[in-house]
Amino acid sequence: MEADEDERTKDISQKEMLEHVNLQTASKMFDLDLDQGPYSIAYTLNGRHLALAGKQGHVAVLDWVDKSLQAEFHVNETVRDVTFLHHELMFAVAQKKYTYIYDQHGTQLHLLKQHIYTTHLEFLRYHFLLASMNVQGEIAWQDVTLGTLVGNVKTKGGTCMKQNPYNAVLCVGQNNGVVTMWSPTSKRPLAEISSHATKVNTLAIDRTGQHLVTSGMDGYLNIWDIRKFGEVLHTRYVPPPTSIDISQTGVIACGYLHYVKMFNMNSIKTKNKSYLPAYMAHEIKAKQHITNVQFVPYEDVLGIGHYGGFSSIVIPGSGDPNYDTSEDNPFQTAKARSRAEIKNIIEKLQPDMIVLNPESFGTAGHVERIDPKDETSVPILSRTAEARKKEKMVKKRKFKKTQTLGSQLKSKKDAVDEANREEKKEAAQAKMIEERKSRARKTKVKSGAEAGALQRFTKRDERPQVKKVKQNSSPAPPPKSDQKKKSSSPQAKKLKS
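Calculation rules
- Residues numbered from 1 in each chain as written.
- Predicted model: local features only at pLDDT ≥ 70, side-chain atom pairs only at ≥ 80, totals over all residues.
- Heavy atoms only, no water.
- Helix = DSSP H or I, 4+ residues; strand = E, 2+ residues; numbered from the N terminus.
- Buried < 20%, exposed > 50% of the residue type's maximum accessible area, 1.4 Å probe, protein only.
- Contact = heavy atoms within 4.5 Å.
- Areas by Shrake-Rupley, 256 points an atom, 1.4 Å probe, with all protein chains shown as cover.
- pLDDT = per-residue confidence, 0-100.
- Pairing = 2+ DSSP bridges.
- Axes fitted to C-alpha atoms, helices over the stretch in contact; angles between N-to-C directions.
- Polar contact = N/O pair within 3.5 Å; in protein donor to acceptor, adjacent residues only side chain to side chain.
- Patch = residues over 30% accessible without salt bridge, like charges linked within 9 Å, V, L, I, M, F, W, Y side chains within 5 Å.
- Salt bridge = Lys/Arg side-chain N within 4 Å of Asp/Glu carboxyl O.
- Phe/Tyr/Trp six-rings, centres within 6.5 Å; stacked < 30°, edge-to-face > 60°.
- Lys NZ or Arg CZ within 6 Å of the ring centre and 35° of its normal.
- Core = buried A, V, L, I, M, F, W, Y, C linked by side-chain atoms within 4.5 Å.
- Disulfide = S-S within 2.5 Å.

Some remarks on the overall build of the chain
(1) Moving on: Along the chain, the regular secondary structure elements total 7 helices and 28 strands.
(2) Moving on: Residues classed as buried in the chain amount to 39% of the 497 residues present.
(3) Moving on: Considering only contacts within the chain whose residues lie at least 6 apart along the sequence, 42% involve residues at least 24 apart.
(4) Moving on: Summed over its atoms, the accessible surface of the chain is roughly 31,500 Å², and 52% of this surface lies on carbon and sulfur atoms.

Considering the environment of Asp35
(1) Moving on: Looking at the element boundaries, Asp35 is found in the loop between strand 1 (30-33) and strand 2 (39-43).
(2) Moving on: The class for Asp35 is exposed, based on a relative accessible area of 63%.
(3) Moving on: Between the C-alpha atom of Asp35 and that of Tyr307, which follows or precedes it by 272 residues, the distance is 7.7 Å.

Remarks on the confidence of the model for the chain
(1) Moving on: With 76% of its residues at a pLDDT of 70 or more, the chain shows a mean pLDDT of 81.
(2) Moving on: A low-confidence stretch, residues 481-487 (pLDDT under 50), is modelled with 3 contacts involving residues beyond four sequence positions or located in other chains.

Digging into the sheet that holds strand 24 (residues 259-264)
(1) Moving on: Strand order in the open sheet formed by 4 strands is 22-23-24-25, and the pairing between neighbours is antiparallel. The sheet is open, and its two edges are formed by strand 22 (243-246) and strand 25 (278-283), each paired on a single side. Shown here is a sheet whose adjacent strand axes are inclined to one another by a mean of 15 degrees, direction ignored.
(2) Moving on: Of the pairings in the sheet, the one linking strand 24 to strand 25 comprises 5 bridges and is antiparallel in character. Residue pairing across strands places Lys261 opposite Ala281, the latter belonging to strand 25.

Comments concerning the side chain of Thr214
(1) Moving on: Among the structural elements, Thr214 can be located in strand 19 (residues 211-216).
(2) Moving on: Looking at Thr214, its side chain comes within polar contact range of the side chain of His196, at 3.0 Å.

Points about a nonpolar patch on the surface
(1) Moving on: Taken together, Tyr126, Leu349, Met353 and Phe361 make up a surface patch of nonpolar side chains, about 320 Å² in accessible area.
(2) Moving on: For Leu349, the location among the structural elements is in the loop between helix 3 (334-346) and helix 4 (385-392).

Regarding the packing of aromatic side chains
(1) Moving on: On inspection of all chains with the given rule, the structure shows 12 aromatic pairs.
(2) Moving on: A connected cluster of aromatic rings, assembled from ring pairs, spans Phe73, Phe84, Phe91, Tyr100 and Tyr102.
(3) Moving on: Against the face of Tyr220 rests Arg236, its NZ or CZ located 4.9 Å from the ring centre.

Remarks on the nonpolar core
(1) Moving on: Formed by 26 residues in total, the largest nonpolar core has its most connected members in Ile139, Trp141 and Leu212.
(2) Moving on: Among the secondary structure elements, those contributing two or more residues to this core are strand 11 (129-134), strand 12 (138-143), strand 14 (158-163), strand 15 (170-174), strand 16 (178-182), strand 17 (191-194) and strand 18 (200-205).
(3) Moving on: Filtering out sequence-adjacent residues up to four positions away, Leu212 remains in contact with Val179, Ile193, Leu203, Ala204, Ile205, Asn222, Ile223, Trp224 and Ile226.
(4) Moving on: The next biggest cluster of nonpolar side chains, apart from the first, holds 17 residues, and it includes Met262, Tyr279, Val293 and Val314.

Here we look at the sheet that holds strand 7 (residues 90-95)
Sheet strands pair via backbone hydrogen bonds, and the direction of the pair is either parallel or antiparallel.
(1) Moving on: Spatial ordering of the open sheet is given by 6-7-8-9, a layout of 4 strands whose pairing is antiparallel. Taken across any chain shown, the strands that pair with only one partner, and hence form the sheet edges, are strand 6 (79-84) and strand 9 (108-116). Across the sheet, the axes of successive neighbouring strands diverge by a mean angle of 20 degrees, strand direction being ignored.
(2) Moving on: As judged from the 5 bridges shared by strand 6 and strand 7, these two strands associate in the antiparallel manner. In the strand pairing of strand 7, Val82 is matched with Val93.

A look at the pattern of salt bridges
Opposite charge on two side chains permits them to pair, given that their charged atoms come into close proximity.
(1) Moving on: Inspection of the entire model under this criterion finds 10 salt bridges.
(2) Moving on: Among the ionic pairs, Asp143 bridges to Lys348, the shortest N-O distance being 3.1 Å. Remark: Lys348 occurs in the loop between helix 3 and helix 4 and Asp143 occurs in strand 12; sequence separation between them is 205 residues.
(3) Moving on: Measuring nitrogen to oxygen at the nearest pair gives 2.9 Å for the salt bridge that ties Arg207 to Asp320. Remark: Asp320 occurs in the loop between strand 28 (309-314) and helix 3 and Arg207 occurs in the loop between strand 18 and strand 19; sequence separation between them is 113 residues.

A short note on unusual backbone geometry
(1) Moving on: Residue Pro38 follows Gly37 across a cis peptide bond; omega there is 5 degrees.
(2) Moving on: Its location among the elements puts Pro38 in the loop between strand 1 and strand 2.
(3) Moving on: The backbone phi angle of Phe128 is positive, close to 55 degrees, even though this residue is not glycine.
(4) Moving on: A relative accessible area of 2% means that Phe128 is categorised as buried.

Side note on the state of the cysteines
In protein structure, a disulfide is the covalent linkage between the sulfur atoms of two cysteines.
(1) Moving on: Under the criterion given, the structure shown has 0 disulfides.
(2) Moving on: Free cysteine Cys160: the closest other cysteine sulfur is in Cys171, separated by 9.7 Å.
(3) Moving on: Classification of Cys160 as buried rests on a relative accessible area of 6%.

Here's the deal with the pairing of strand 4 (residues 58-63)
Two faces, one strand: in a regular strand the side chains alternate between the faces of the sheet.
(1) Moving on: Of all 6 residues that make up strand 4, 6 are buried, and the element is covered over most of its length.
(2) Moving on: Because side chains alternate across strand 4, one face comprises the buried residues His58, Ala60 and Leu62, and the other comprises Val59, Val61 and Asp63, equally buried.
(3) Moving on: Here strand 3 (residues 49-54) hands over to strand 4 after 3 residues, with Gly57 in that stretch at a positive phi of 115 degrees.

A word on the side chain of Thr119
(1) Moving on: Looking at the element boundaries, Thr119 is found in strand 10 (residues 118-124).
(2) Moving on: A distance of 2.9 Å separates the side chain of Thr119 from the side chain of His120, its partner in a polar contact.
(3) Moving on: Apart from the residues within four sequence positions on either side, Thr119 is in contact with Arg80, Asp81, Met133, Asn134 and Val135.

See the structure below:
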């Protein structure tokens with residue numbers, strides 16, 4: 001165990017710890033020898049109930065505090081994962097082909113045919129969404145209140161999946177060492193982190209959603225700060241862990257082979273980013289390989305699923321002793337559970353609210369201050385139309401060092417095509433404006449013959465002068481003005497005299 005500077009340390013096993021703790025804590029340290037492994041485990045949100053799923057088809061649900069068995073059955077096919085829904089009365093099991101939902105007695109309630117060959121399950125508590133990922137890396141989100149499929153995306157080779165408790169975004173580790181973040185309303189990842197040079201084995205996110213812990217086949221353990229997408233720790237860890245979990249107080253549990261090693265995230269030193277001091281270590285009996293580790297909420301207990309069954313050990317300081325009864329109540333009654341279920345369904349969040357920054361909802365950018373007494377004042381966004389137009393302009397592409405020549409040429413071609421499309425669009429808009437202006441000029445300059453039917457109601461002086469041409473053979477008489485001019489000639493004056 002980790003000690004202070006002036007304190008000496010020595011090895012303390014779980015067996016020795018069992019002799020010195022009280023009876024309540026001692027009852028939380030036990031082993032279950034089961035022969036249908038390897039086992040996947042899942043705890044309820046309040047940490048009261050435990051679900052066990054053996055790969056050979058054994059499924060069991062029990063209240064691990066008082067050791068009472070609620071349901072136990074065998075599905076006679078492969079089981080890959082298990083998770084509870086919003087309470088202990090319903091849980092989902094990823095079987096060989098389809099995903100099934102059972103009640104607390106083991107009775108089948110639903111068959112989810114849209115979730116096929118599922119390997120990982122996650123339940124989003126505030127959105128009431130059951131998320132699954134299959135062997136091909138395809139993620140599906142199912143609304144358990146309406147029964148509709150709200151999203152379906154392909155991640156192209158996902159190996160592990162965990163949800164971020166802060167924003168409900170799913171983090172998926174891939175074969176190329178990249179961790180991608182997904183939401184049901186986006187066909188592309190919200191963010192990507194190049195964490196390892198090889199396949200990502202497993203990952204975990206802490207309670208606050210600020211730190212991401214990843215483990216890869218390259219033998220490194222990395223800790224990332226999701227807020228700024230920066231690396232906090234990069235340390236060698238051989239052999240690579242097969243399962244990682246983070247407790248409510250920041251204790252990291254890494255399970256590899258038949259060992260579990262714990263680290264305290266709060267003891268990470270910013271100066272040395274390659275050293276992580278060990279907090280505790282534990283070895284499984286009979287040297288059974290570990291498949292899944294998970295901390296119990298609001299308890300100093302770690303659950304371990306392995307090939308030989310299940311083990312529960314005590315990790316001092318790993319659980320949060322203070323819990324909110326309106327959120328998670330380990331001593332919840334049936335009446336309080338039904339009331340909380342109705343309240344949570346009414347306050348259910350929509351799938352389009354799953355974003356990287358949930359605090360962005362309700363804001364439309366920076367708004368200038370206005371005078372509350374002036375009724376004519378209107379808030380104006382600081383981002384003008386010109387600024388938004390500049391953001392849409394094609395920027396110069398920056399290539400990664402790992403990109404090949406073909407991918408660089410393709411991205412360059414895409415940038416040129418995008419610029420050409422913008423130019424063609426602007427030229428078409430200018431041409432359309434010119435045509436409209438020319439049509440407007442033509443309509444203004446109209447002859448009298450082309451005047452409308454209402455032209456006869458205008459004044460005589462305002463009417464257009466139209467020359468009438470007779471079709472007779474006789475020439476038209478000269479106008480009066482010509483006659484007057486002729487009469488005013490000098491010969492006409494002599495005749496008059």
